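Examination of the molecular architecture
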Amino acid sequence: MATATDFDRRWIFLAIGVLVLGLYAFGSGAPMPVSPYVQSYFDTIDALPEGSVVLLAADFDPGSAAELLPTYQATIHHLLLRKLRIVNVATWPAGPPFTRSSFAEIAPQYGAVYGSDWIELGFKAGDDVAMGQIGQSLLSSFAQDDRDKADVTSFPIMQGISDSFQGIALLITMSAGYPGVLEWIAQAGGRYDVPILAATTAVQTPDLFAYYPSQLQGFAGAATGATQYLQLVVAAGVPALEGTTTDNQERMLIQTYAHLLIIGLIVTGNVLYFLGRRGA
Amino acid sequence: MVFPAFTALLGELFATAGGALAMALSQAVGSQAVPPVESPWWERWQETVIDPGKLPTFVAVVFFGAVMFVAQSRARRGVEMPIRRIGGLDAMDEAIGRSTEMGRPVLYVPGIDEIKEIQTIYSMLILRHVARKAAEFGTPLIVPVKDSVVLTFAEEAVKQGCLDAGRPDAYIADNVRYLSNEQFAYCAGVAGIMNREKPAANFMLGMFFAESLILAETGFASGAIQIAGTAKQHQLPFFVAACDYTIIGEEYFAVTAYLTREPNLLGTIRAADVTKLLAIAALLVATVLGVIHAEAHFAGRPSAFSHYTDLFKGVVADD
Amino acid sequence: MKREIPILLTVLCGLAITWAFFSPLPAARAVNAELLAWAEVIFSVAFLLGIANLVRISLKQISARHPDSIYKVLLLLTMFGYLAVGLCDIHGWLLPEGAGAKDRSDWIYEKFFQPLQSTMFSLLAFYIASAAFRAFRARSFEATLLLVAGSLVMLGQVPMPTWLPESAAVGTFLQRVQAFLMVYVNGAGQSAIIIGAALGTLATGLRIILGVERSYLSE
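The rules behind each value
- Residues numbered from 1 in each chain as written.
- Chains lettered and ligands numbered in written order.
- Predicted model: local features only at pLDDT ≥ 70, side-chain atom pairs only at ≥ 80, totals over all residues.
- Heavy atoms only, no water.
- Contact = heavy atoms within 4.5 Å.
- Salt bridge = Lys/Arg side-chain N within 4 Å of Asp/Glu carboxyl O.
- Polar contact = N/O pair within 3.5 Å; in protein donor to acceptor, adjacent residues only side chain to side chain.
- Buried area = accessible area lost by both parts, 1.4 Å probe.
- Domains from an automatic or database assignment.
- Helix = DSSP H or I, 4+ residues; strand = E, 2+ residues; numbered from the N terminus.
- Buried < 20%, exposed > 50% of the residue type's maximum accessible area, 1.4 Å probe, protein only.
- Lys, Arg positive; Asp, Glu negative; His and termini not counted.
- Axes fitted to C-alpha atoms, helices over the stretch in contact; angles between N-to-C directions.
- Parallel < 35°, antiparallel > 145°, perpendicular 65-115°, else oblique.
- Left-handed = near helix turned anticlockwise from the far one by under 90°.
- Pairing = 2+ DSSP bridges.
- Right-handed = clockwise from strand over helix to strand, strands pointing away.
- Core = buried A, V, L, I, M, F, W, Y, C linked by side-chain atoms within 4.5 Å.
- Expected span 1.5 Å × (residues − 1).
- Phe/Tyr/Trp six-rings, centres within 6.5 Å; stacked < 30°, edge-to-face > 60°.
- Lys NZ or Arg CZ within 6 Å of the ring centre and 35° of its normal.

Focus: the interface of chain C and chain A
Counting from both sides, the interface comprises 45 residues of chain C and, opposite them, 54 residues of chain A. Here chain C is connected to chain A by 1 salt bridge. The closest approach of N and O atoms between Asp 106 of chain C and Arg 100 of chain A, which form a salt bridge, is 3.3 Å. At the junction of chain C with chain A, the criterion picks out 12 residue pairs in polar contact (both at pLDDT 80 or more).

Thoughts on the interface of chain B and chain C
In many analyses, interface size is given as the accessible surface area lost on bringing the parts together. With 74 residues of chain B at the interface, the matching set in chain C holds 60 residues. Interface area for chain B against chain C, summed over the two sides, is near 5,800 Å², with a carbon-plus-sulfur share of 74%. For the pair chain B and chain C, the number of links is 4 salt bridges. The partner of Asp 68 of chain C in a salt bridge is Arg 196 of chain B, with the nearest N and O atoms 2.7 Å apart.

Section: the domain arrangement of chain A
As assigned here, chain A comprises domain 1 (7–28 + 253–279) and domain 2 (36–249). The gap between the C-alpha centroids of domain 1 of chain A and domain 2 of chain A is 37 Å.

A few points about the side chain of Lys 146 of chain B
All names here are of chain B. Here Lys 146 shows up in the loop between strand E2 (141–145) and helix H7 (148–164). Comment: no salt bridge for buried Lys 146; closest opposite-charge side chain is Asp 147, at 6.3 Å. A polar atom in the side chain of Lys 146 sits 2.9 Å from the backbone oxygen of Asn 181. Residue contacts for Lys 146: discarding those within four places in its chain leaves Ile 112, Tyr 178, Ser 180, Asn 181, Glu 182, Gln 183 and Tyr 186.

Notes on the packing of helix H9 (residues 212–221) of chain B against helix H4 (residues 103–135) of chain C
Two elements in contact, H9 of chain B and H4 of chain C, have axes whose closest approach is 9 Å; the angle formed by their N-to-C orientations is 55°. The angle between H9 of chain B and H4 of chain C falls in the class oblique. In the packing of H9 of chain B onto H4 of chain C, the handedness of the crossing is left-handed. On H4 of chain C, the residues that touch Leu 213, Ile 214, Glu 217, Thr 218 and Phe 220 of chain B of H9 of chain B are Met 120, Leu 123, Leu 124, Tyr 127, Ile 128, Ser 130, Ala 131 and Arg 134 of chain C.

Some words on the pairing of E2 of chain B
Residue and element names in this part refer to chain B. Among the 5 residues that make up E2, 5 are buried, leaving the element largely enclosed by the rest of the structure. Burial along E2 is two-sided: Leu 141, Val 143 and Val 145 facing one way and Ile 142 and Pro 144 facing the other are all buried. Sheet topology places strand E1 (residues 106–111) next to E2; 2 bridges connect them, and they run parallel. Paired with Leu 107 across the strands is Ile 142, a residue of E2. This β-α-β element, E1 to helix H6 (residues 118–137) to E2, shows right-handed connectivity. Pairing between E2 and strand E3 (residues 176–178): 3 bridges, direction parallel. When the bridges of E3 are listed, Pro 144 appears paired with Arg 177. Running through H7, the crossover from E2 to the neighbouring parallel element E3 is right-handed.

Some details on the pairing of strand E4 (residues 170–175) of chain A
Residue and element names in this part refer to chain A. The buried count for E4 comes to 6 of 6 residues, which makes it a mostly enclosed element. Covered by surrounding structure in E4 are Leu 170, Ile 172 and Met 174 together with Leu 171, Thr 173 and Ser 175, the residues of both alternating faces. Across 6 bridges, the pairing between strand E1 (residues 53–59) and E4 is parallel. What sits directly across from Ala 57, in E4, is Thr 173. In this sheet, strand E5 (residues 196–200) lies alongside E4 in parallel orientation, the contact comprising 5 bridges. Residue pairing in the sheet places Met 174 in a bridge with Ala 199 of E5.

Focus: the sheet that holds E2 of chain B
Residue and element names in this part refer to chain B. Spatial ordering of the open sheet is given by E3-E2-E1-E4-E5-E6, a layout of 6 strands whose pairing is parallel. Edge positions in the open sheet fall to E3 and strand E6 (245–248), since each of these has one partner strand only. Within this sheet the neighbouring strands show an average axis-to-axis angle of 15°, counted without direction. Here strand E4 (residues 201–207) pairs with strand E5 (residues 225–230) via 5 bridges, running parallel. Of the residues in E5, the one forming a bridge with Leu 205 is Gly 229. On the sheet, helix H5 (residues 87–102) packs against E1, E4, E5 and E6 and is oriented at approximately 140° with respect to E5.

A look at the nonpolar core
Grouped together as the largest cluster of nonpolar side chains are 76 residues, with contacts concentrated most on Leu 55, Val 87, Leu 138, Met 158, Ile 172 and Trp 184 of chain A. Among the elements that take part in this core, helix H3 (residues 62–81) of chain A stands out by supplying 7 residues, more than any other. The contact partners of Leu 55 of chain A, leaving out residues within four places of it in the chain, are Val 87, Val 89, Ile 134, Leu 138, Phe 165, Ile 168, Leu 170, Leu 171, Ile 172 and Trp 184 of chain A. Of all hydrophobic cores here, the second largest spans 57 residues; its members include Leu 141, Ile 227, Tyr 258 and Leu 266 of chain B.

Looking at the side chain of Ser 222 of chain B
All names here are of chain B. Here Ser 222 shows up in the loop between H9 and E5. Accessibility expressed as a relative area gives 9% for Ser 222, which makes it buried. Contacts of Ser 222, omitting those with residues within four sequence positions, involve Arg 104, Met 194 and Lys 198.

Things to note about helix H3 (residues 69–91) of chain C
All names here are of chain C. Taking 1.5 Å of rise per residue, 23 residues should cover 33 Å, and H3 covers 33 Å from first to last C-alpha, within 8% of that figure. Listed in full, the buried residues belonging to H3 are Ser 69, Lys 72, Leu 76, Cys 88 and Asp 89. The inward-facing, buried residues of H3 contact helix H2 (26–63) and H4. One or two steps after H3, the chain reaches Gly 92, where phi turns positive at roughly 70°.

Digging into the packing of aromatic side chains
Geometrically, a pair of aromatic rings is defined through the distance of the ring centres and the angle of the planes. In total, this model carries 27 aromatic pairs over all chains according to the counting rule given. Between the aromatic rings of Phe 209 of chain A and Phe 219 of chain A, the centroid separation amounts to 5.3 Å while the plane-to-plane angle is 85°, which identifies the pairing as edge-to-face. Taken together, the positions of Phe 209 of chain A in the loop between helix H8 (205–208) and strand E6 (218–221) and Phe 219 of chain A in strand E6 put the pair 10 residues apart, joining distant regions of the chain. Centre to centre, the rings of Phe 184 of chain B and Phe 121 of chain C are 5.4 Å apart; their planes meet at 85°, and the pair counts as edge-to-face. Remark: Phe 121 of chain C occurs in helix H4 and Phe 184 of chain B occurs in helix H8 (residues 183–197); the pair is interchain, linking two chains. A network of ring pairs unites the aromatic residues Tyr 37, Phe 209, Tyr 212 and Phe 219 of chain A as a single cluster. Over the face of the ring belonging to Tyr 258 of chain B we find Arg 261 of chain B, whose NZ or CZ atom lies 4.8 Å from the ring centre. Between Arg 134 of chain C and the ring centre of Phe 220 of chain B, over which it is positioned, the NZ or CZ distance is 3.6 Å.

This is the structure:
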């Protein structure tokens, strides 16, 4: 009787590959119910007064872009739709290129002006140490902006921001690992009491339930949270994201079938195991 | 800049005991952080010494330190402090012996985080022990690292391990390798080492992230015996699924105590256990008080325990 | 003194940083900021050590005509090539007409690095399936409970297909089950591991800061 360890795992790889590619080519999407955590993420942004400054941290890289980039871009749409002002930072070196390309695509749709409605401060090395320094003093952490290399204090958006997160109404992080949301909670939420929202990869999401709602006001975890949030933002009046939302819903349905396949593999593995034990 | 900061700090500390000279000195070098002389001493204490919001944390750290010192002195006096059996640690010697028999190297992956992460520092302490064992058995030890500072610590740990075994010639500089600072580039490099050099034993001890499953599965496919350990809870399921032995959470910080049975280290484990028991007791008391308080609150009655539940705010759900 | 001075430095710096966490004094934070700035400089300079190690080992393998030496040549060419492109971008050397300052390094990053990194990350999907098939066994009651809970959590994360009767209601129900398991069951387990690991971290940190743990020093 064949056992699970005898089975060539390349058949499993092939099954996953055929399933995902097949559904990607021919499948369709389905709407998702919105969880309270994602609803809270949306509502916290919606509740901010116009003109409030939000610190948006792009703490991810290409490996996690599939999960986090949709939420990142939807968040930018949402913030600009509500006429909130965005200060962009990153504690991952791969973050700034995503910021540049996203704002290049999205900002013109809202007539946003660089330096007044948003600013790109770039990457700050030092992980949680850098976060602590940003908290202590944003202005001395970034002497120049990342795009024009001009003195940050010369930009209108930076007026009214001072040490200890004074002037920052909300911190939002797209967190792919370390440093990320947990470090922002310790360095910013814990020390300076600034509200925090987070979008994270699937692996980190289980951690966040313990921090909600006291230290984390809302979160959109993994592609699931991204799809739910996209649905909310489209309903709020961002038709530009309809295509992305449909794509995400299709991808989530692919994930449904992939999960069913994995559950099927677990059941098959157990059947082989118990048959093997009985045979022995 | 540092000197005035230090004198200001000194001035503030002495000010609470009426140290006027120190206060004058700190004022002379232009310190800004001088509280008004007329404040009561406990207010000045709060303004200068400990942030009131962090006082519970400070008390907890000091308490833990005190328990640790008491436990260490008891251990040094010979009081027995048993540690339960941890399968992965017992298997370390077996794994290195298996590599020696098969004539293949041992691979030690110290995690992907920087040296300032405590798990990485601890991994260097374990590496020294593994290096000693590998040198005693005469087995090559390969240590790929992701961070340049970790590289220097790893080189030192392996050298010291070989010296501890009385085999300084066993140290091969080229076996401690810096691969890349990028997570998946490092992962690809380690997977390459596993596939090409086919180590018979893989030790993955430290802080890991998304690459943990890739490393563990690649190691399984290459036929190595795998012992993994991390206190990073998201990666534990992947290690449990793919490795032969997994050292979970706080067991990871007990490795050196388990292997060396040194009194100082055993005392630390005992202190952690005592603190955990106290934390469990506090949580149980808080839960009971919270239930009583919540029941009174929902019934519209004042609760005699509200003062006590306020102490545990954050542990018990807010009203 | 060779051991005492590093231990003393470790103790002083550790206590200064710990004090800065607890103290509201600007002076304490100034000391902390200064030490952290020194650490940043050390970490940055240490890159050179890593590069030197990589280059030394690669050149050794290339000169010994190791079977993998072609990959070492590619590694060195890529590393120094991208370094050269980055330097040209920073200083604006050899910049084509109309091109942005970071266009070249961004292009390499988007066209090579991002796809490679995404590819490595995507391996996880395949490896999770093979690990699940091989390792998840209902050997005991607890293991069976874990498998059932895991399956419910997996299904609670995803939308239900529309061909399923009452798919929206089923999806909402599974989402609630998933949330319950994550908040209460998973939350309790995670908190327990976090508390244990935090105490271990505290103990190890105190041992190193107070100079009790010295085995990281050479003898």
